[in-house]
Amino acid sequence: MTQFAAYTIIGLSLGGIFALAALGIVLIYRVTGVLNFAHGAMGMFSTFVAWQVFYGMPHTGMAPWMVTAEAIAAGLVFAVLLGLVLELAVFRWVRNRPQITKAVITIGVLLALQSAASLIWKNNQYHLPIYLAPQTATFKIADVPIGANYIVIVVVALGLAFGLAAFLRGTAFGRAMRAVSDDPTAASLWGVRVDMVGAVSWMLGSLIAAVAGILITPFINFDTTSLTLLIVDSLAAALIGGLVSLPMTVLGGFLLGLLETYPTMWIQSLGLPRLIALLVILAVLIIRSPRGLPAVAR
Amino acid sequence: MTMLRIRNLGVRFGGVVALQDVSLDLNRGEILGLIGPNGAGKTTLFNCISGVIAPNEGTIHFEGRSLRFAPPHERARRGIARTFQNLQLWGSMTVLENLELPIDAIARRNTLSDALGLPFSQYAERAASERARGILHALDLGRHAHRLAADLPAGIQRRVELGRALAMRPKLLLLDEPAAGLDASETEHLAKLLHRVRERFRVSMLLVDHDMSLVMRVCDYIYVLDFGRVLSRGEPSAVRNDQKVIAAYLGEATPETAGEGAEAVVVTAEPRVQRADAVEVARSTGPLLEVKGMAAGYGHLEVIRDINLTVQAGEVVACIGANGAGKTTTLRAISGVIRPRAGRVTFGGADITGSRPEHISRMGLAHVPEGRGLFPRLSVEDTLRLATDSAGTPDRLAAAFEVFPRLKQRRRQAVGTLSGGEQQMVAMARALLTQPRLLMIDEMSQGLAPTIVRQLFQMIDVFREQGTAVLLVEQFVESALAVADRAYIFEHGSIAHEAPAEELRRDRGLISGSYLGSAPDSTEAIEVAANGNGHHRVVDPQLMEILSMRVPAEVKRALEERAEREGRSAGALALELLEEVNHN
Amino acid sequence: MMPGHIVRFAIAIVAFSILARLPVGLDPAFQFDAALAIVWGFGILSLVLLTGYAGQVSLCQATFAGVAAYGAGMTVAGMHGGYLLGIVIGVLAATVLGVIVGLPALRLHGITLAIVTLGIALVFDKYVFQDHIFDWFTGGTGGWQVTQASLLGIPVDSSTHLLNAYDVMLALFCVVAVLMVNLHQSGAGRRFRAIRDSELAASTMGVNLTRYKLLAFAISAGIAGLGGSFYPLIAGSVSPQPFWVFTSLQLAAIGVLMGVRYVPAAALGGLFMAVVPDVLTRYGHGTFMNRFNYDISYDWFQLAVGVLLVLQLILLPDGVWGDIRARASRAWDVVRMKPREEMRPA
């Protein structure tokens with residue numbers, strides 16, 4: 001039983017990361033019509049930037065938490081810039097192309113980012129994660145010691161999800177984003193600057209992807225390719241939300257995290273979680289909508 | 001012999017009823033017409049017959065066999081072919097290839113044999129090619145055989161689609177708006193072509209179109225759909241004179257439609273300002289909106305050409321005309337949704353041709369598009385706040401809610417869940433809040449019951465008072481003319497006529513002619529109100545035959561100018577002239 | 001025979017004779033590259049059929065090749081069959097997988113199909129090709145080792161007779177290329193292209209969507225498998241690495257870059273994928289202007305592919321070959337002095 005609880009927490013924190021990544025994907029998709037296959041790659045790159053600042057630069061005389069904060073800040077700033085650059089240099093020019101073309105462009109971005117990262121950081125497997133909480137700290141839940149980091153991850157994931165929701169619901173810009181995601185033509189008729197909204201959604205999406213990437217570092221021996229490939233799991237979570245509903249996407253992420261973690265109680269297999277993700281994708285797509293993705297007014 | 005028998009067909013999409021209890025019979029060798037206002041369910045019916053949608057209830061029998069469970073390609077095999085409203089040609093293939101495909105799709109072909117180029121395949125290729133060429137020749141498309149389908153102009157593409165459908169040697173041909181995007185002369189050719197096709201290929205047809213002149217000329221029998229139900233049926237002349245049909249198109253409340261969804265819409269409006277005064281004042285400052293020589297379209301289709309119109313500040317101008325005449329495209333070209341291909345648009349003195357919609361909107365030109373341009377998942381309150389976000393006016397939400405108390409009740413509800421009337425209120429509220437200089441509204445009354453429509457039209461006066469000019473596109477002619485100062489009549493992508501609203505209200509013949517098409521074989525004596533004084537004259541039917549053909553725009557203008565000089569109405573003048581012709 | 005067929009065959013024969021000569025005299029590493037180029041050439045060829053002709057997006061073509069490679073390896077090394085049998089089993093396995101992948105494709109379009117195929121590529125890469133449950137198929141951690149093979153009496157083993165293998169593969173490639181172009185111009189080809197351009201019109205004009213979509217997937221997987229089944233032969237062993245997700249992504253990227261509708265694009269693409277990186281890594285290091293050290297690795301190649309793909313999709317939607325072809329036809333029209341209306345658009 002205690003083992004079950006432990007796996008549940010781990011599953012939930014993994015799920016929290018999927019939820020975050022999926023949120024970014026859905027946000028970008030709904031506002032710009034681009035299904036961003038490079039989302040994992042973008043998060044990966046920003047995470048490596050953070051990692052570089054954390055481990056690769058001297059931090060004389062700084063308290064550990066300051067180092068962490070600095071690293072994370074660097075990663076996040078980079079993420080925002082990356083999102084902006086992609087929007088200005090690439091996606092602004094293909095606004096009216098069919099969705100599949102835009103998606104293939106993101107594959108090009110994926111390849112470019114992954115190889116650029118590989119050039120800079122080589123193909124090594126890194127064992128050094130960034131911890132948000134002291135590594136040895138634990139909480140006790142029902143008498144079971146659980147790594148504080150896992151709890152922190154869940155909290156951060158939920159916090160960001162709620163924060164995003166609040167932003168979308170309560171602010172003028174959030175309204176504008178929701179309008180564009182419902183109908184960009186109508187939104188422009190209402191005076192909404194669609195280009196700017198698109199740029200912000202890329203920046204925001206990239207930011208969330210970076211957070212997800214940084215949070216996942218305790219879980220895996222991260223290298224340039226495996227982070228990039230988390231796109232498949234993120235897509236699975238996004239699809240559970242139907243690429244429309246943000247709350248369902250978050251739930252989907254947590255659900256997927258649990259589904260991928262529980263089997264590891266009995267079966268030791270690196271590849272099995274990928275199979276689970278694929279099965280979830282297939283199940284959702286085939287059961288839910290006979291005609292594929294929800295129509296995004298383009 | 002009944003070739004196609006449809007009984008009690010019903011189709012629902014979510015909560016929306018697209019078709020209800022539709023029954024239809026098509027006999028062998030017939031050309032059957034299907035008409036009705038926008039949203040009446042015509043394309044849905046086609047989709048059911050060709051197998052793209054499965055109906056919720058009802059049956060379709062083709063040549064005695066039920067079509068249920070037959071997938072689209074099976075129906076093609078049985079002899080049902082169709083063309084598409086928005087042209088579904090295979091653009092990367094040549095015209096010849098487009099026609100060859102249906103010919104050999106029916107036959108069984110082996111992929112491996114094709115790849116290897118075996119004799120059987122080559123023989124089948126040659127046979128298909130020959131037959132395709134034959135059809136191309138019959139349709140006068142031979143020159144284009146090797147051109148890519150995507151590279152051709154729209155009129156030719158339509159013929160290619162027709163040829164493709166014929167290549168299948170169908171027994172029944174479904175034609176979905178074959179005249180869309182064609183001008184008057186091209187439509188004329190199409191009508192002749194369809195008759196020739198029936199003779200030569202011996203195929204029965206089911207035709208849907210908005211172009212009444214085409215439908216009335218070509219069809220043997222007509223069904224009229226409205227709100228998903230069969231409203232009327234009969235021979236063309238009977239249908240054209242059917243009061244119910246006229247009402248459905250021109251928007252008068254009839255016993256059938258008045259009872260529907262009569263919600264009590266409480267709209268509190270402030271007292272009216274005298275209409276004449278406002279117009280006087282506005283006219284002195286130069287046109288607010290000026291459109292010169294504008295042309296626009298989508299892809300290969302040129303939908304509007306040589307559009308000239310103006311709107312003065314404080315005026316209410318209506319654009320009326322049959323569906324497909326180009327009214328909506330005109331508004332979209334003005335507000336920036338599509339780029340004009342030619343011409344100039346000036347607003348308040350500034351050139352806005354080809355500017356971005358958000359820029360134009362912020363200049364004070366608001367466009368409420370067809371379908372209202374709302375955001376289904378935003379709440380009412382959020383939507384109104386969105387309006388004030390970009391218009392920069394102080395928060396006047398409370399005032400808007402006073403005018404539309406019903407919206408206040410539903411402020412937290414998602415707009416997509418509101419009724420049609422309430423959604424229109426939201427769109428109007430936006431205009432109240434942002435106080436644009438010019439408000440363009442496209443089909444405000446679409447899908448709404450006449451009682452609500454009347455009340456919404458009262459809102460137009462409110463806008464006029466707050467200093468907003470209004471450019472209105474409407475199917476409901478009555479109400480539009482009641483509230484407008486001037487009107488433009490659109491036909492086939494250009495403006496055929498412009499007149500003060502008063503004159504058009506008197507001369508109804510002009511408008512119903514424009515909507516319901518000419519009467520080549522009308523033999524009844526018809527009473528005509530010849531001048532504004534109410535003198536009636538009974539006119540010789542032969543004379544009416546000449547009169548009721550559509551008069552070209554230039555001739556109309558000439559008539560109007562002369563009428564103005566002589567101080568009479570154009571209608572009376574025309575009658576006089578034609579009588580002289582007849583007697584000479 | 002119709003003139004079209006004759007011309008194609010002639011071109012194929014000429015191409016074969018030229019290309020067969022190319023790797024003669026080069027060192028074994030380059031010869032391996034040449035043979036590998038054909039493996040990936042088959043991969044892109046399969047994409048031309050599936051995506052270029054039939055309009056179905058697929059991000060798992062390398063997976064089909066991998067399945068065939070393992071199938072062939074299993075037959076030859078695990079079950080000690082002849083290599084010919086290995087090729088047959090490999091292609092068969094790939095084809096079956098193709099049909100299975102095609103089933104969801106019946107209901108999904110465009111992006112959703114891309115997502116599913118990506119998922120499949122990932123699952124096979126990380127799970128099927130690597131997990132010990134599948135050792136019977138993959139030959140365990142080291143994979144199958146293949147040596148001393150012969151094909152219909154011709155010795156083709158990788159260590160000493162690589163050129164023979166290359167010739168066989170090249171011949172097959174030319175044959176399949178010709179068949180594909182024949183297909184493109186034929187009735188079946190038209191049906192595929194109709195599905196790509198407008199499924200709605202295709203189905204209402206008599207094309208059985210189910211049959212043709214599954215057929216497209218099956219044939220495409222078979223073609224990719226044909227290339228893959230030769231891999232153990234030329235490399236001496238099979239491992240998951242050559243068939244991982246990134247290879248599938250690169251095949252798609254290079255296919256689109258070269259022009260996924262055109263068969264010659266496949267040949268170009270294959271060459272590009274196999275030869276260019278190796279040339280770059282081999283000769284791409286040294287000193288520039290006696291001051292800057294540079295060292296071009298495979299990553300540079302992939303970076304270039306990614307960037308080029310993005311640029312190309314923005315600027316030249318029909319791919320490099322498509323653009324060349326369009327310019328060539330227009331130039332030809334000018335030479336023949338066609339009247340303006342009849343010229344193809346630039």
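Bear in mind the structure is a predicted one, so any value in this text is a computation, not a measurement.

(A) Here's a closer look at the overall build of chain C. From N to C terminus, chain C includes 15 helices and 4 strands. Expressed as a percentage of the 346 residues in chain C, the buried residues total 56%. Restricting the contact set of chain C to residue pairs at least 6 apart, pairs at least 24 apart contribute 76%.

(B) Inspection of the overall build of chain A at higher detail. From N to C terminus, chain A includes 12 helices and 2 strands. Ordered by position from the N terminus, the helices and strands of chain A form the series α-α-α-α-β-β-α-α-α-α-α-α-α-α. For 298 residues, the compact-globule estimate of 2.2 N^0.38 gives 19 Å, and chain A sits close to it at 19 Å. In terms of overall dimensions, chain A has C-alpha extents of about 55 × 50 × 35 Å along its principal axes.

(C) Representation of the interface of chain C and chain A in the model. On the side of chain A, 38 residues touch chain C, which itself brings 37 residues to the contact. Where the side of chain C that touches chain A is concerned, the elements lending two or more residues are α5 (110-128), α12 (245-258) and α14 (298-315) of chain C. Of the residues forming the side of chain C that touches chain A, the biggest block, 13 residues, is contributed by α5(C). Among the residues making up the side of chain C that touches chain A, the classes are represented as 25 nonpolar, 8 polar and 4 charged.

(D) Here's a closer look at the environment of Gly24(A). With respect to the helices, strands and loops of the structure, Gly24(A) is situated in helix α1 (residues 2-32). When neighbours within four sequence positions are excluded, Gly24(A) is seen to be in contact with His39(A), Gly205(A), Ile208(A) and Ala209(A).

(E) How the structure looks around the pairing of strand β7 (residues 172-176) of chain B. Residues and elements named next belong to chain B. Counting buried positions along β7 yields 5 of 5 residues, so the element is predominantly enclosed. Along β7, one buried face is formed by Leu172, Leu174 and Asp176 and the opposite face, lined by Leu173 and Leu175, is buried too. In the sheet, strand β6 (residues 80-82) pairs with β7 via 3 bridges, with the strands oriented parallel. Each residue of the ladder has a partner; that of Arg82, found in β7, is Leu174. Taken together, the 5 bridges between β7 and strand β8 (residues 204-208) define a ladder with parallel strand orientation. From the neighbouring strand, Leu173 faces β8, where its bridge partner is Met205.

(F) Highlighting the environment of Leu152(B). Residue and element names in this part refer to chain B. Tracing the backbone through its elements, the reader meets Leu152 in the loop between α5 (119-138) and α6 (154-167). Taking the C-beta count within 10 Å as the criterion, Leu152 has 19 such neighbours and is therefore assigned partly exposed. Leu152 sits 61 residues away from Gly91 along the chain, and the two C-alpha atoms are 9.4 Å apart. When sequence neighbours within four positions are dropped, the list of residues in contact with Leu152 reads His144, Arg147, Gln157 and Val160.

(G) Geometry of the nonpolar core. Formed by 386 residues in total, the largest nonpolar core has its most connected members in Leu207(B), Leu472(B), Leu45(C) and Val48(C). Looking at this core element by element, the count peaks at 17 residues for α1(A). If sequence neighbours within four positions are ignored, Val48(C) has contacts with Tyr53(C), Met180(C), Gly255(C), Val260(C), Arg261(C), Tyr262(C), Val263(C), Ala265(C) and Ala266(C).

(H) Here's a closer look at the sheet that holds β6(B). Residues and elements named next belong to chain B. Taken together, 6 strands build an open sheet; the order of strands is β6-β7-β8-β3-β9-β10 and the sheet is mixed. Where the open sheet ends on each side, the last strands, each with one partner, are β6 and β10 (229-234). Across the sheet, the mean angle from the axis of one strand to that of its neighbour is 20°, orientation sign disregarded.

(I) Local environment of the interface of chain A and chain B. Counting residues at the interface gives 16 residues for chain A, matched by 22 residues for chain B. Those elements that place two or more of their residues in the side of chain A that touches chain B are α6 (172-182) and α7 (184-189) of chain A. No other element matches the 6 residues that α6(A) contributes to the side of chain A that touches chain B. Among the residues forming the side of chain A that touches chain B, the class breakdown is 8 nonpolar, 3 polar and 5 charged.

(J) Examining the packing of helix α15 (residues 380-391) of chain B against helix α18 (residues 420-434) of chain B more closely. Residues and elements named next belong to chain B. Look at α15 against α18: their axes get within 9 Å of each other, and the N-to-C directions meet at 30°. As judged from the angle between their axes, α15 and α18 are roughly parallel. For the pair α15 and α18, the sense of crossing is right-handed. When α15 is examined against α18, the residues Val380, Thr383, Leu384, Ala387, Thr388 and Ala391 are found in contact with a partner set consisting of Val426, Ala429, Arg430, Leu433 and Thr434. In terms of residue class, the contact of α15 with α18 is made up of 7 nonpolar, 3 polar and 1 charged.

(K) The arrangement of unusual backbone geometry in detail. Residues and elements named next belong to chain B. Notably, Arg169 is not glycine yet its phi reads approximately 50°, a positive angle. Along the chain, the position of Arg169 falls in the loop between α6 and β7. Positive phi is not limited to glycine here, since Glu177 has a value of about 50°. Mapped onto the fold, Glu177 is located in the loop between β7 and α7 (184-201).

(L) Looking closely at the sheet that holds strand β12 (residues 301-312) of chain B. Residues and elements named next belong to chain B. Overall, antiparallel pairing links the 4 strands, which are arranged β12-β11-β14-β15 in an open sheet. Only two strands of the sheet have a single partner each, and these edge strands are β12 and β15 (350-351). Sheet topology places strand β11 (residues 287-298) next to β12; 8 bridges connect them, and they run antiparallel. Within the sheet, the bridge partner assigned to Pro287 lies in β12 and is Gln312.

(M) Here's a closer look at helix α3 (residues 61-78) of chain C. Residue and element names in this part refer to chain C. For α3, which comprises 18 residues, the first-to-last C-alpha distance of 25 Å matches the rise-based estimate of 26 Å (1.5 Å per residue) to within 8%. Along α3, 17 of the 18 residues are buried, which leaves the element largely enclosed by surrounding structure. His80 lies just past α3 and shows a positive phi near 55°.

(N) Structural detail: the confidence of the model for chain A. For chain A, per-residue confidence averages 85 on the pLDDT scale, and residues scoring 70 or more make up 90% of the total. In the predicted structure, residues 291-298 of chain A sits below a pLDDT of 50 and forms 18 contacts with residues beyond four places in sequence or in another chain.

(O) How the structure looks around the packing of helix α2 (residues 39-56) of chain A against helix α8 (residues 194-216) of chain A. Residues and elements named next belong to chain A. At a minimum axis separation of 7 Å, α2 and α8 run at an interaxial angle of 65°. Note that α2 runs across α8; the crossing there is right-handed. Here α2 contributes His39, Met42, Gly43, Met44, Ser46, Thr47 and Ala50 to the contact with α8, which in turn contributes Ser206, Ala209, Ala210, Ala212, Gly213 and Ile214. When its residues are assigned to classes, the contact of α2 with α8 shows 7 nonpolar, 6 polar and no charged.

(P) Region of interest: the pairing of strand β9 (residues 221-226) of chain B. All names here are of chain B. For β9, the tally of buried residues reaches 5 of 6 residues, placing the bulk of the element in the interior. In terms of strand pairing, strand β3 (residues 31-35) meets β9 through 4 bridges, oriented parallel. Within the sheet, the bridge partner assigned to Ile35 lies in β9 and is Val224. For β9 and β10, the ladder comprises 5 bridges, and the chain directions are antiparallel. From the neighbouring strand, Asp226 faces β10, where its bridge partner is Arg229. Here β9 hands over to β10 after 2 residues, with Phe227 in that stretch at a positive phi of 50°.

(Q) Expanded view of the environment of Ile314(C). For Ile314(C), the position within the fold is in helix α14. For Ile314(C), a count of 18 C-beta atoms within 10 Å translates into the label partly exposed. Here the alpha-carbon distance between Ile314(C) and Ser186(C), two residues 128 residues apart in the chain, equals 32 Å. Each residue touching Ile314(C), except ones within four places of it in the same chain, is listed here: Trp93(A) and Val94(A).

(R) Layout of the confidence of the model for chain C. All names here are of chain C. The share of residues in chain C with pLDDT of 70 or more is 89%, and the mean pLDDT across the chain is 83. Mean pLDDT across the elements of chain C bottoms out in strand β3 (residues 285-288) (62) and peaks in helix α10 (residues 209-229) (94). Ignoring residues within four places in sequence, the model shows residues 341-346, a span with pLDDT below 50, making 9 contacts including any to other chains.

Conventions we followed
- Residues numbered from 1 in each chain as written.
- Chains lettered and ligands numbered in written order.
- Predicted model: local features only at pLDDT ≥ 70, side-chain atom pairs only at ≥ 80, totals over all residues.
- Helix = DSSP H or I, 4+ residues; strand = E, 2+ residues; numbered from the N terminus.
- Buried ≥ 20, exposed ≤ 12 C-beta atoms within 10 Å, placed from the backbone.
- Contact = placed C-beta atoms within 7 Å.
- Rg over C-alpha atoms; globule rule 2.2 N^0.38 Å.
- Nonpolar A, V, L, I, M, F, W, Y, C, P; charged D, E, K, R; others polar.
- Pairing = 2+ DSSP bridges.
- Core = buried A, V, L, I, M, F, W, Y, C linked by C-beta atoms within 7 Å.
- Axes fitted to C-alpha atoms, helices over the stretch in contact; angles between N-to-C directions.
- Parallel < 35°, antiparallel > 145°, perpendicular 65-115°, else oblique.
- Left-handed = near helix turned anticlockwise from the far one by under 90°.
- Expected span 1.5 Å × (residues − 1).
- pLDDT = per-residue confidence, 0-100.

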